[in-house]
Amino acid sequence: MRVLEIIEDPTGLFGAHSAIVDADGISKEVRLDLVDHPPEPGDYLIVHAGFAVNTLSEHEALRNLQLMREMAEGLDGGGGPGA
Amino acid sequence: MKYVDEFRDPELVGSLAAELDAVVSRPVRVMEVCGTHTMSIFRHGLRSLLPEELQLISGPGCPVCVTSAGHVDAFISMAQLDNVIIATFGDLIRVPGTHSSLDRVRADGARVEVVYSPMDGLTLAGSNPDKTVVFLGVGFETTCPGIAATILEASRRRLDNFCVFSAGKIMPPPLRALMQDPELSIDGLLCPGHVSIITGTGAYRFLADEFGISCVVSGFEPTDVLRALIMLVRQINEGRADVENAYSRVVTEEGNKQARAILDTVFELEDTPWRGLGVIARSGFGIREEFAPWDAVKKLDIIVQDVPEPKGCRCGDILKGLCLPPDCPVYGKRCTPLNPIGPCMVSSEGTCAAYYKYTM
């Protein structure tokens, strides 16, 4: 889900409190209590039961795809640890 | 949708399926631990693409399915108490207890509300100050941090008419128990994606080191699952037992430390019963004493009974990977999604529900 807006904690004590995300065209609010690193607008969040649990790494997503394509084309050497 | 559609590319799926076919050269048994993988494999039609010699069996990774019959009975008893509102994820509603289900007691007048997030329980509590709202805390490492954060929020707001019945669980202890079961024979594990976001891939290291089991953490899109299976079969072919990460766009080696810190603040590990596996030491999330005002077991004085599994139902054996749904005598006959006997037929992540929906 793509972050549209970050909402700060109304008391000012806890920093980023929640985010408005775009979930297939629907806007909804998700809590940010559990994320290691506060997201920014434009980031993609993995959301579980109303809580963001991680920010998707766009760099790793592209790397995952690249490795898949190489594997599918038989260009990955056929073994060894992947990422 | 960006970062979803790319991983469903039919051409890439076809090429990866061909590569998987090429690497499987002898019978291989792989357990997919996570219920979301089970459902994804069926939903995307991957079973029909898998080589015949690759056998996939399901494990104990559906949280509703592994919830003991005693816990389900306790949920139903709480729903029947005066002035109690039950807040729960939808999957639990139709799971049969010994004599009834949340669904049936709701039809008889009990107040059972389906919620999307545990935080919705706080909203319910706020708008019903004369009732006690009990959230049914069923889930694994992915769901339980949100439940912990909700308890912290209830404590911050001093909300005294909200509490949680914690039946949350962690994955490594049942996996250890399964690996020690002489009846189970598997070559590799397709490790859960979302649980691993929290735990990190390091949580499975003992499976490779102590039991020689090849492990690959996988995402849920069809190309993710196929790539993880290829990596797994290659490990097995090479005689390697390692933990590899095929879902690195969201899973890291160390996991989510913030979520684990919140878990540790609110919960402590305790012995808990698993359907099919019995009581497993230090495998459940119990609420720490300092958060006792939000612990439903203490607040409502609940006793969880040890009750037998439904007669004829083999959910327990299915969760241990010892049989498949068609091997169960009641599957598809007395036990169907409309009239479920065991939880594996109810939950959207249940193996029997997946088999029934996609193969019957």
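In case you missed it, the structure is sitting above this.
What you see is a predicted model; the values in this text were computed from it and never measured.

Quick word on the interface of chain B and chain A
Contact residues are listed per partner, giving 46 residues for chain B and 38 residues for chain A. Between chain B and chain A, the buried area comes to about 3,500 Å², and carbon and sulfur atoms account for 61% of it. The interface formed by chain B and chain A contains one salt bridge. A salt bridge links R31 of chain A to E153 of chain B, with the shortest nitrogen-to-oxygen separation between them at 3.2 Å. Remark: the boundary between chain B and chain A carries 14 residue pairs in polar contact (both at pLDDT 80 or more). The set of elements that each furnish at least two residues to the side of chain B that touches chain A consists of α1 (10-23), α6 (144-156), α8 (193-199), α10 (222-238), β9 (243-245) and α11 (257-266) of chain B. Top element by residues in the side of chain B that touches chain A is α10 of chain B. It accounts for seven residues. For the side of chain B that touches chain A, the class distribution of residues is 20 nonpolar, 13 polar and 13 charged.

Thoughts on the state of the cysteines
All names here are of chain B. In this structure the tally under the stated criterion is one disulfide over all chains. One disulfide in the model links C62 with C65; its S-S distance is 2.3 Å. Across the S-S bond of C62 and C65 the torsion is about 70°, and the bridge reads as right-handed. Of the two residues, C62 and C65, neither departs from the other in class, the shared state being buried. C62 provides the cysteine sulfur closest to C34, a residue in no disulfide bond, and the two sulfurs are 9.2 Å apart.

Let's talk about the packing of aromatic side chains
Residue and element names in this part refer to chain B. Under the counting rule described, the total for this entry stands at ten aromatic pairs over all chains. When the centroid spacing of 6.1 Å and the interplanar angle of 85° are considered together, the rings of F220 and Y247 count as edge-to-face. On the criterion of sequence distance, the pair formed by F220 in the loop between β8 (214-217) and α10 and Y247 in the loop between β9 and α11 is long-range, its members being 27 residues apart. An identical accessibility class is assigned to F220 and Y247; each is buried. Aromatic pair F291 and W294: ring centres 6.5 Å apart, planes at 55°, arrangement tilted. Residue F291 shares its accessibility class with W294, and that shared class is buried. Ring pairing ties together the aromatic residues F42, Y355 and Y358, which thus form one cluster. The residue whose ring lies beneath K169 is W274, and the NZ or CZ to ring-centre distance is 5.7 Å.

Let's talk about the nonpolar core
Residue and element names in this part refer to chain B. Grouped together as the largest cluster of nonpolar side chains are 114 residues, with contacts concentrated most on F162, F165, L189 and F267. Considering each element in turn, this core owes the most residues, seven residues, to α6. Apart from residues lying up to four places away in sequence, L189 is in contact with M31, V33, L175, M179, L207, I213, S214, C215, V216 and L232. Counting 31 residues, the second largest nonpolar core, distinct from the first, contains V23, V28, V30 and A228.

A look at the environment of A246 of chain B
Within the secondary structure layout, A246 of chain B lies in the loop between β9 and α11. Relative accessible area serves as the criterion here: at 0%, A246 of chain B is assigned to the buried category. With 66 residues separating them along the chain, A246 of chain B and Q180 of chain B place their C-alpha atoms 26 Å apart. Not counting the four nearest positions on each side in its chain, A246 of chain B is found in contact with N64 of chain A together with V216, V217, D224, R227, A228 and M231 of chain B.

A short note on the packing of helix α1 (residues 58-72) of chain A against α1 of chain B
Two elements in contact, α1 of chain A and α1 of chain B, have axes whose closest approach is 8 Å; the angle formed by their N-to-C orientations is 55°. Judged on the interaxial angle alone, α1 of chain B and α1 of chain A are oblique. Crossing of α1 of chain A over α1 of chain B shows left-handed handedness. Contacts between α1 of chain A and α1 of chain B involve L65, M68, R69, M71 and A72 of chain A from the first element and L12, S15, L16 and E19 of chain B from the second. Looking at the contact of α1 of chain A with α1 of chain B residue by residue, the classes come out as six nonpolar, one polar and two charged.

Quick look at the pattern of salt bridges
Residues and elements named next belong to chain B. Taken as a whole, this structure holds 22 salt bridges over all chains when the rule is applied. For E153, the salt bridge identified is with R156, shortest N-O distance 2.9 Å. Here R156 and E153 lie together in helix α6, a separation of three residues that amounts to about one turn. With relative accessibility at 11%, the residue E153 sits in the buried group. As a salt-bridge pair, R157 and E153 come within 3.1 Å of each other at their nearest N and O atoms. With relative accessibility at 45%, the residue R157 sits in the partly exposed group. Residues joined in a network through salt bridges with shared partners are R205, D209, E238, R240, D242 and E244.

Describing the sheet that holds strand β2 (residues 54-61) of chain B
The strands making up a sheet are joined through hydrogen bonds of the backbone, oriented either antiparallel or parallel. Residues and elements named next belong to chain B. Judged by pairing direction, the sheet is parallel, and its five strands sit side by side in the order β2-β1-β7-β8-β9 without closing on themselves. Each edge of the open sheet is held by one strand with a lone partner, namely β2 and β9. When the angles between neighbouring strand axes are averaged without regard to direction, this sheet yields 25°. In this sheet, β9 lies alongside β8 in parallel orientation, the contact comprising three bridges. When the bridges of β9 are listed, V216 appears paired with E244. Along the sheet face, helix α2 (residues 35-43) touches β1 (28-34), β2 and β7 (188-191) and points at about 115° away from the line of β1. Across the sheet, α10 touches β1, β2, β7, β8 and β9, and the angle it forms with β8 is around 160°.

Rules and cut-offs
- Residues numbered from 1 in each chain as written.
- Chains lettered and ligands numbered in written order.
- Predicted model: local features only at pLDDT ≥ 70, side-chain atom pairs only at ≥ 80, totals over all residues.
- Heavy atoms only, no water.
- Contact = heavy atoms within 4.5 Å.
- Buried area = accessible area lost by both parts, 1.4 Å probe.
- Salt bridge = Lys/Arg side-chain N within 4 Å of Asp/Glu carboxyl O.
- Polar contact = N/O pair within 3.5 Å; in protein donor to acceptor, adjacent residues only side chain to side chain.
- Helix = DSSP H or I, 4+ residues; strand = E, 2+ residues; numbered from the N terminus.
- Nonpolar A, V, L, I, M, F, W, Y, C, P; charged D, E, K, R; others polar.
- Disulfide = S-S within 2.5 Å.
- Buried < 20%, exposed > 50% of the residue type's maximum accessible area, 1.4 Å probe, protein only.
- Phe/Tyr/Trp six-rings, centres within 6.5 Å; stacked < 30°, edge-to-face > 60°.
- Lys NZ or Arg CZ within 6 Å of the ring centre and 35° of its normal.
- Core = buried A, V, L, I, M, F, W, Y, C linked by side-chain atoms within 4.5 Å.
- Axes fitted to C-alpha atoms, helices over the stretch in contact; angles between N-to-C directions.
- Parallel < 35°, antiparallel > 145°, perpendicular 65-115°, else oblique.
- Left-handed = near helix turned anticlockwise from the far one by under 90°.
- Pairing = 2+ DSSP bridges.

Honestly, that's just the spatial picture; any functional story needs more than this.
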